[in-house]
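# Notes for the structure review
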Amino acid sequence: MWRRLCSALKRLCGSPAAVFAGGGRLPVAMERAVVRCVPSEPKLSLRFVLPDGSAKHMQRDQAEPLGRALARIATNAAKGRAKMGKKNKKARAEDGPAGEATAVAPAVRLFSRDGEEVAEEIPNSAAWQDGAVLQIGEAQYRVERNPPALTELQLPRSLLAGFPVCPKVSAEFATPQYCLFRWYREQRPAAGGEPAASGDGPTWVEMSAERVFTPSNALVGLRLKLQCTPGDGTQRYGLPREVESSGPVEAGPGACTFDSRHLYTKKVCAEGSIRTVSYNILADTYAQTEFSRTVLYPYCAPYALELDYRQNLLKKELAGYSADLICLQEVDKSVFVDSLAPALDAFGLEGLFKMKEKQHEGLATFYRRDKFSLLTQHDIAFNEALLSDPLQKELCDKLAKYPVVQEKVLQRSSVLQVSVLQSTADPSRKICVANTHLYWHPKGGNIRLIQIAVSLSHIRHVACDLYPSVPVIFCGDFNSTPSSGTYSFISSGGIAEDHEDWISNGEEERCNMPLSHPFKLLSACGEPAYTNYVGGFHGCLDYIFIDRNALEVEQVIPLPSHEEVTTHQALPSVSHPSDHIALICDLKWK
């Protein structure tokens, strides 16, 4: 791999090449002329260094004739020569008077890869092709059109021994899976206490060439450095960039609640099976409040509520499940963009995000790229769907009879994420994956019934009308115990108008209506004693519902033992990143 990189960098940085431009020439070392040309943008950019050493960055209209761009380059080159001439004249002033030198614009031409001169009337967008040669006087430049380039390279702020370090890599004309990575550790200080260094900085020792690096306990106290070289999968590589960690590797927490679960999920399950995870990961926007620290989670060490710490645990936990589908709730937008999406991308998972209207958190669905491709997305906000979606008109008309409840439902910002995926191995197999997080209030059973009715009506449209007979997997934090009306409605297919949940918040919020749906849904993980365990409450609130006509359960990954959950009294803790517990099961088509 590194031989390929070296040869690529030689091509990028200038390597001997034979150029035949207007007659035979001896091989010369060429500089780079980097062209960025994107069809959706009106201008292209051109970067190169003139013979006088000045760097040029030009913006030219893509439709402009090449001749105008070359004339502008000639003018810039002439100015550069004039400046250089003045400097030389000043240096020779002591040698006696000299005549005034006039800078002459050099000849500037562009040649195609096969040595033919490119006509000046050709538009810039067509003229500046990869491998062409720009000649400015005697200087020659190899044109690199849209070479791979890094736009962002970041390391997490918190590094824990035994936990994967997943860099955030953003690139243009490149993809992270084709980039090259080299990890280094800081060399430990010498025996006398003085840091081992060369020049002005520390000495770095190479450790790994993988995209994700897991530091060992031996690296505690040392900083890390990453060098990344962007690639596009065609043996083209851009210029490398480096980033150093802001702090040293710190000691990890030791055993975590999910370690024993990873023993069941070491490998991705076989083709035809779908390992599915549903998990409320506790949004940072809720964990980092004074109320959370003093009332909700007073038993949790403050540092264990910090986002950077919890993200270390969460990324290790999720990566270790080797899942095909992951449905997450309470995902901060910044956590999705900067942490989870880059990390899970490194483990082969593609992510989709749907944010709540009024909050900075929402839902995320990840799917394994080599097992599924995304066909369509059908996300909705419940309040908007009730007001504007014809599918919800009948329910909306029923709800209008209860204005107090209607207003409360419309104030909620809860959303539903629906994605239709297609099997890469068998395109005839499609699946509808739904993900939601229902209203939280203990007395909000009536609100949740309305929200789940909207959900199931929308899912029916997708899985029955748009994609007939497509199996459904419906994940989420339903904030409903197995004894609730919501759970009963989902599982049985109907809810009576006199169910007690219609008056869950008293007579003033009474809301009676019969509801039904056509699905045969089964809780794949059954009814665990709890999926949420905090100081003042524990109960089963999270589920993975599956279409029992089309899917069956191969195995359910056991939840952590009660002893593991309560080691630090309750959740979250130094060994568990959320107040919920992930549900994991292996499903297969019948």
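Everything quoted here is computed from the prediction, not taken from an experiment.

Basis of the calculations
- Residues numbered from 1 in each chain as written.
- Predicted model: local features only at pLDDT ≥ 70, side-chain atom pairs only at ≥ 80, totals over all residues.
- Heavy atoms only, no water.
- Helix = DSSP H or I, 4+ residues; strand = E, 2+ residues; numbered from the N terminus.
- Buried < 20%, exposed > 50% of the residue type's maximum accessible area, 1.4 Å probe, protein only.
- Contact = heavy atoms within 4.5 Å.
- Areas by Shrake-Rupley, 256 points an atom, 1.4 Å probe, with all protein chains shown as cover.
- 1 Å grid on protein atoms, 1.4 Å probe; cavity = no way out; pocket = protein on both sides within 12 Å on 5 of 7 lines; lining within 4 Å.
- Points joined across faces, edges and corners; volume = space filled by probe spheres on them.
- Salt bridge = Lys/Arg side-chain N within 4 Å of Asp/Glu carboxyl O.
- Pairing = 2+ DSSP bridges.
- Axes fitted to C-alpha atoms, helices over the stretch in contact; angles between N-to-C directions.
- Polar contact = N/O pair within 3.5 Å; in protein donor to acceptor, adjacent residues only side chain to side chain.
- Nonpolar A, V, L, I, M, F, W, Y, C, P; charged D, E, K, R; others polar.

### Thoughts on the overall build of the protein chain
Along the protein chain, the regular secondary structure elements total 14 helices and 33 strands. Every one of the 590 residues in the protein chain was classed for burial, and the buried ones make up 51%. Long-range pairs, those at least 24 residues apart, make up 71% of the contacts in the protein chain between residues at least 6 apart in sequence. Summed over its atoms, the accessible surface of the protein chain is roughly 26,500 Å², and 52% of this surface lies on carbon and sulfur atoms.

### Describing the layout of surface pockets
Estimates place the volume of the largest pocket at around 1,100 Å³. Lining the largest pocket are 43 residues, with His437, Tyr439, Trp440, Pro442 and Asn479 positioned closest to its centre. Elements represented by at least two residues in the lining of the largest pocket include exactly helix 5 (284-287), helix 6 (290-296), helix 12 (445-466) and strand 29 (532-534). The greatest single-element share of the lining of the largest pocket, amounting to three residues, is contributed by helix 6.

### What about the pattern of salt bridges?
Enumeration according to the criterion identifies 29 salt bridges in this entry. Among the salt bridges present, the one from Asp232 reaches Arg236, with a minimum N-O distance of 3.5 Å. Judged by its relative accessible area of 21%, Asp232 is partly exposed. The structure contains a network of salt bridges with shared partners spanning Arg211, Asp345, Glu350 and Arg369.

### Describing the sheet that holds strand 7 (residues 133-136)
Taken together, six strands build an open sheet; the order of strands is 5-4-3-8-7-6 and the sheet is mixed. Each having just a single partner strand, strand 5 (55-61) and strand 6 (108-111) make up the two edges of the open sheet. When the angles between neighbouring strand axes are averaged without regard to direction, this sheet yields 25°. Pairing between strand 3 (residues 31-36) and strand 4 (residues 43-49): three bridges, direction antiparallel. Note that in strand 4 the partner of Val35 across the bridge is Leu46.

### As for the side chain of Ser158
Its location among the elements puts Ser158 in the loop between strand 9 (149-154) and strand 10 (168-172). A distance of 2.9 Å separates polar atoms of two side chains, one belonging to Ser158 and the other to Asn312. Once residues lying within four places of it in the same chain are set aside, the contact partners of Ser158 are Asp308 and Asn312.

### Here's the deal with empty space enclosed by the protein
Scanning the entire structure with this criterion turns up two cavities of 30 Å³ or more. In this structure, the largest cavity occupies an estimated 40 Å³ of space. In terms of lining, the largest cavity is formed by Glu271, Gly272, Ser273, Ile274, Lys371, Phe372, Ser423 and Trp589. Split into classes, the residues belonging to the lining of the largest cavity amount to three nonpolar, three polar and two charged. There is about 40 Å³ of room inside the second largest cavity. For the second largest cavity, the full set of lining residues is Ile281, Leu282, Asp284, Leu307, Arg310, Gln311, Leu314, Asp332, Val335 and Pro577. Here the element with the most residues in the lining of the second largest cavity is helix 7 (residues 307-320); it accounts for four residues.

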